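Next come the chains, spelled out residue by residue.
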Amino acid sequence: MPPIPGSGLAKGLAVTLRTMTKKTVTAQYPDVQPELPPRSRGVIALFEENCTVCMLCARECPDWCIYIDSHKETVPAAAPGGRERSRNVLDRFAIDFSLCMYCGICIEVCPFDALFWSPEFEYAETDILDLTHERDKLRDWMWTVPEPPALDPHAEEPKEIAAARKTADKLRAQQEQQAQEAQQAQEAQQAQEAAAEADAAKPDAAKPDAAKPDAAKPDAAKPDAAKPDAAKPDAAKPDAGEGDA
Amino acid sequence: MNDALDVALRIVIVFAVFMVLPLVVGQTEHKVMAHMQGRLGPMYAGGFHGWAQLVADGVKFAQKEDIVPAGADRKVFRLAPAVALLPYLLVLVAIPIGPGEGAVGQVVDAGIFFVLAVMGVGVLGSLMAGWASANKFSLLGGLRTAAQLLAYELPMLLAAASVAMAAGTVSLPGILDAFEWWWLPWQIIGALVFFVAGLAELQRPPFDMPVADSEIIFGAYTEYTGLRFALFLLAEYAGIVVLCGLTTVLFLGGWHGPLGADGLGWVWTLLKTGILAFVVIWLRVSYPRLREDQLQKLAWTTLIPLALAQIALTGIVKVAIN
C-alpha cells in the first residue's frame, strides 16, 4: 500500500514535537561540571613519594615530554658497622602537556605506582610555554585522582589482593596450628596435675566433687567423662594417671 | 477632547502590542526551536532562561554602525526597512481582538481589502532593499521576493474571498459577528491555503527562498546592518503576529470561545494567535527550504486550485442554505 500523501510531512512534525518534550542534551559546562567517565584521561598526576627516579617513564615517553632531574645522596649506615647506602633524590619532575599526547605509557610503565590519570582537565594556558607543569603542580593533581572504580560482580580478584590473601591465609593456618599445639601441651599438663592431686586426695575419696573443682577446670574434667574420643588428652585419663601413680 | 484621548489611547495600545508581541514570538522561537533540536537556547540574558535575549540583541543592533554601500541608491536603501515594517502596524490597527467596537483599533468597513492590500505593501520593502543594495545577491533575493509575491498573493486573496462570501461582508468585525462553529470544517481548506500562502508571503521557512542564507546570503538584506537590519527582522516577526491574527479572525472565529460569549474574547483571540505562531515556528524547525521551482509549483498547481475549490464549495453551501 502506498503511503498516504503528506504522511512524511506529519512524521517530520511529530519528530520535532517529540524532541521538544525530551530532555535537552546541552551541557551547561562552566555552570555545571561534566560527569566524566571513570578512567578519564584528563591530566597526569605525580605521586612523588613513590618515585624512585628510575627514569622509565621519561625513556618510554613517545614524544619525550617528561623531564626528570635528580642527584644521589648518601644515607649513613643504619646499623653500626654497616655499609653506607646511596639513594636517588628527585630534583625536578615536569611534564610538557603541549607535547604530551595522553597515551598513558608513562603511567603503564611506572613500576612504583607514582603516576596516575586524573580527570582534571581545566588547565588551559594562554602561552604554550606555560603548559610545562612542574612537580608541585603534578603533585597537587594527585588529590584529584579518583579511587579506582569498583570491580564488576564476580570479577577475578586483583592480583595484589589475591597475593595478600594467600599470605594471610598461610599465616593464619600457621598460627592456628601453633595455638592448637600449645593448647594440647597445656591440657596434658593440667591432666597430669589433676591426676597427681587425685592421688594425693585418695584417702578422702568420699567427696570427689570437692576435690575436682579446684584442681581440674571444667574443660579438663568434661572430656574425661563425656566424650573421651573428642578429648585429645588420652594421656590424661584418670586411670592412666592412677597407673602412673 | 474625549475623542482625541480615545484615539491616542488606541494608538498607544496598538503600538504597544506591535512592539511586544513580535518580541514574544521571537523569544518563543528561540526557545521552541532550541528544544525541538535538543538544545536549551539562550540561557544567560536577563538571568532566567535568557528571557531578555531579544532586548540584548536590540541593544547590540543599536550599537552597530549604520552602513550604506557606496553604490547603493541611498534614499531607497534607507527607506526600505520602514516600508517593510509599517504596513504590519497598520494591519494591526484593523484586527479586532474582542467583540464590540472597543476591542479593535479602528473599524474599517472594507477590512479584508484594507488588510490584504496593506500586507502586500510590506513585501515591497524587500523589493526596494534588493534593488537598492547594488548587490547581486540582494538583487536575486529581490527577484525571488517578487516572484513569490506574485505566486502567493493570489491564493491568499482567493481564500480570504471565500470567507467574505460566507459571511456576506468584507468587514473583519462583521465576519466575526457572523461566525458559526461549523464554519471551521466548512472553510478548513481555505484556512490552510491562507495560512500557507501567508507563510510564503512572510518568507518564513520552508518558503524562505528570497532570504536563503545558505544560497544568496540573506538575499535582499545582505547589505543591511544595525538598526535597519533589526527593523527587517522585527518586520518578519510582526508579520507572523499579523498573519496568525488574521487567520484567527478569518477562519478560527477570533474571539468566539467554545463556551459562547464569556467575556474572555481577547483571551481566545490571543490564545489562537499564539497557537498559530507556535505552528509557524514548528514548521520552520521541521521542514527544509523548498527549491524555487517547487515553490512556484506549489502555489500554481496546488494552492490556487484548492482556493478555487473552496470558493466553489462556499458558494454551493451558501446557496443551499438560502
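Residues numbered from 1 in each chain as written. Chains lettered and ligands numbered in written order. Predicted model: local features only at pLDDT ≥ 70, side-chain atom pairs only at ≥ 80, totals over all residues. Heavy atoms only, no water.

Q: Report on the overall build of chain B, specifying residues and quantitative values.
A: What chain B contains, in helices and strands, is 12 helices and 0 strands. Its helices and strands taken in sequence order, chain B reads α-α-α-α-α-α-α-α-α-α-α-α from the N to the C terminus. Across the 322 residues in chain B, those meeting the buried criterion constitute 51%. A sequence separation of at least 24 residues applies to 78% of the contacts in chain B between residues at least 6 apart. (Helix = DSSP H or I, 4+ residues; strand = E, 2+ residues; numbered from the N terminus. Buried < 20%, exposed > 50% of the residue type's maximum accessible area, 1.4 Å probe, protein only. Contact = heavy atoms within 4.5 Å.)

Q: Got a sec to walk through the nonpolar core? Specific residues and values, please.
A: With 90 residues, the main nonpolar core has Tyr152(B), Phe194(B), Leu246(B) and Leu250(B) as its most contacted residues. Tallying contributions element by element places helix α10 (residues 226-251) of chain B first for this core, with 16 residues. Once residues within four sequence positions are removed from consideration, Phe194(B) is found in contact with Leu116(B), Met156(B), Ala159(B), Ala160(B), Leu243(B), Leu246(B), Thr247(B), Leu250(B) and Phe251(B). Ile44(A), Cys65(A), Leu90(A) and Leu138(A) belong to the second largest nonpolar core, which has 28 residues in total. (Core = buried A, V, L, I, M, F, W, Y, C linked by side-chain atoms within 4.5 Å.)

Q: Which residues make up helix α8 (residues 188-202) of chain B, and what values go with them?
A: Residue and element names in this part refer to chain B. With 15 residues, α8 extends 21 Å from end C-alpha to end C-alpha; this agrees with the ideal 21 Å at 1.5 Å per step. The buried fraction of α8 is high, at 11 of 15 residues. Considered for burial, the residues of α8 that qualify are Gly190, Ala191, Val193, Phe194, Phe195, Ala197, Gly198, Leu199, Ala200, Glu201 and Leu202. Gln203 sits one or two positions beyond α8 and adopts a positive phi of about 60°. (Expected span 1.5 Å × (residues − 1).)

Q: Run through the packing of aromatic side chains, naming residues and quoting values.
A: Any two aromatic rings considered together are summarised by their centre-to-centre distance and by the angle between their planes. Residue and element names in this part refer to chain B. Throughout the structure, instances matching the rule amount to 17 aromatic pairs over all chains. Seen from their ring centres, Phe77 and Tyr224 are 4.1 Å apart, and the 5° between their planes marks the pair as stacked. Highlighted residues: Phe77 in helix α3 (residues 74-94) and Tyr224 in the loop between α9 (213-216) and α10, separated in sequence by 147 residues. Residue classification places Phe77 among the buried positions, given a relative accessible area of 0%. For Tyr224, a relative accessible area of 5% corresponds to the buried category. Residues Tyr152 and Phe207 carry aromatic rings whose centres are separated by 5.9 Å and whose planes lie at 50° to one another, so their mutual orientation is tilted. Placement of Tyr152 in helix α5 (residues 136-167) and of Phe207 in the loop between α8 and α9 is noted, with a sequence separation of 55 residues between them. (Phe/Tyr/Trp six-rings, centres within 6.5 Å; stacked < 30°, edge-to-face > 60°.)

Q: How would you sum up the confidence of the model for chain A? Please name residues and give values.
A: Looking at chain A, pLDDT values average 81 and 81% of them are 70 or higher. Residue range residues 220-245 of chain A is modelled with pLDDT below 50. Its contacts to residues more than four positions away, or to other chains, number 17 contacts. (pLDDT = per-residue confidence, 0-100.)

Q: Could you give an account of the interface of chain A and chain B, with specific residues and numbers?
A: Many descriptions give the size of an interface as the accessible area lost when the pieces come together. At the interface, 13 residues of chain A touch 15 residues of chain B. For the pair chain A and chain B, the summed buried area comes to about 1200 Å², and 66% of that belongs to carbon and sulfur atoms. If you look at where chain A meets chain B, you find 0 salt bridges. Along the contact surface separating chain A from chain B lie 7 residue pairs in polar contact (both at pLDDT 80 or more). (Buried area = accessible area lost by both parts, 1.4 Å probe. Salt bridge = Lys/Arg side-chain N within 4 Å of Asp/Glu carboxyl O. Polar contact = N/O pair within 3.5 Å; in protein donor to acceptor, adjacent residues only side chain to side chain.)

Q: Any chance you could break down α10(B) for me, citing the residues and the numbers?
A: The first and last C-alpha atoms of α10(B) sit 37 Å apart over 26 residues, in line with the 38 Å expected at 1.5 Å per residue. The element α10(B) is extensively covered by neighbouring structure, given that 23 of its 26 residues are classed as buried.

Q: Describe in detail the environment of Gly50(B), supporting the description with residues and values.
A: Residues and elements named next belong to chain B. Inspection of the secondary structure puts Gly50 in the loop between α1 (2-36) and α2 (53-63). The exposure class assigned to Gly50 is buried, which follows from its relative accessible area of 0%. Leave out the neighbours within four places in its chain, and Gly50 touches Gln27, Pro42, Met43, Tyr44 and Ala45.

Q: Residue-level account of the side chain of Ser138(B), with values.
A: All names here are of chain B. Along the chain, the position of Ser138 falls in helix α5. Under the relative-accessibility criterion, Ser138 is labelled buried at 0%. Contacts of Ser138, omitting those with residues within four sequence positions, involve Gly130, Ser133, Gly219, Ala220, Thr222 and Glu223.

Q: Residues and numbers for the packing of α10(B) against helix α11 (residues 265-286) of chain B, please.
A: Two packed helices can be described by the angle between their axes and the distance between those axes. All names here are of chain B. Two numbers describe how α10 lies on α11: the axes approach to 8 Å, and their chain directions differ by 125°. On the basis of their axis angle, the class for α10 and α11 is oblique. Every pair of crossing elements has a handedness; the one defined by α10 and α11 is right-handed. Of the residues in α11, those touching α10 at Tyr237, Ile240, Val241, Cys244, Gly245, Thr247 and Thr248 are Thr269, Lys272, Thr273, Leu276, Ala277, Val280 and Arg284. (Axes fitted to C-alpha atoms, helices over the stretch in contact; angles between N-to-C directions. Parallel < 35°, antiparallel > 145°, perpendicular 65-115°, else oblique. Left-handed = near helix turned anticlockwise from the far one by under 90°.)

Q: I'd love a proper account of the sheet that holds strand β3 (residues 85-96) of chain A, names of residues and values included.
A: Residue and element names in this part refer to chain A. Judged by pairing direction, the sheet is antiparallel, and its 3 strands sit side by side in the order β2-β3-β5 without closing on themselves. In the strand order of this sheet, the two ends are held by β2 (66-75) and β5 (132-133), each with one partner. The pairing of β2 with β3 spans 10 bridges and is classified as antiparallel. Bridging across to β3, Asp69 finds its partner in Arg92. (Pairing = 2+ DSSP bridges.)

Q: Go over the pattern of salt bridges with me, naming the residues and quoting the values.
A: Within the structure shown, the criterion is met by 15 salt bridges over all chains. Measuring nitrogen to oxygen at the nearest pair gives 3.1 Å for the salt bridge that ties Arg139(A) to Glu49(A). One end of the pair, Arg139(A), is in helix α4 (residues 135-141); the other, Glu49(A), is in the loop between β1 (43-46) and α2 (56-60), with 90 residues separating them in the sequence. Looking at Glu49(A), the relative accessible area reads 53%, which means it is exposed. Here Glu73(A) makes a salt bridge to Arg87(A), at a shortest N to O gap of 3.7 Å. With Glu73(A) in strand β2 and Arg87(A) in strand β3, this pair connects stretches of sequence that are 14 residues apart. Each member of the salt-bridge network shares a partner with another, and the members are Arg144(B), Asp208(B), Glu215(B), Arg289(B) and Glu292(B).

Q: Let's hear about a nonpolar patch on the surface: which residues, and what values?
A: Side chains of Ile97(B), Leu264(B), Trp266(B), Val267(B) and Leu270(B) sit close together on the surface and give an oily, nonpolar patch of about 410 Å² of accessible area. We classify Leu264(B) as partly exposed; its relative accessible area is 41%. (Patch = residues over 30% accessible without salt bridge, like charges linked within 9 Å, V, L, I, M, F, W, Y side chains within 5 Å. Areas by Shrake-Rupley, 256 points an atom, 1.4 Å probe, with all protein chains shown as cover.)

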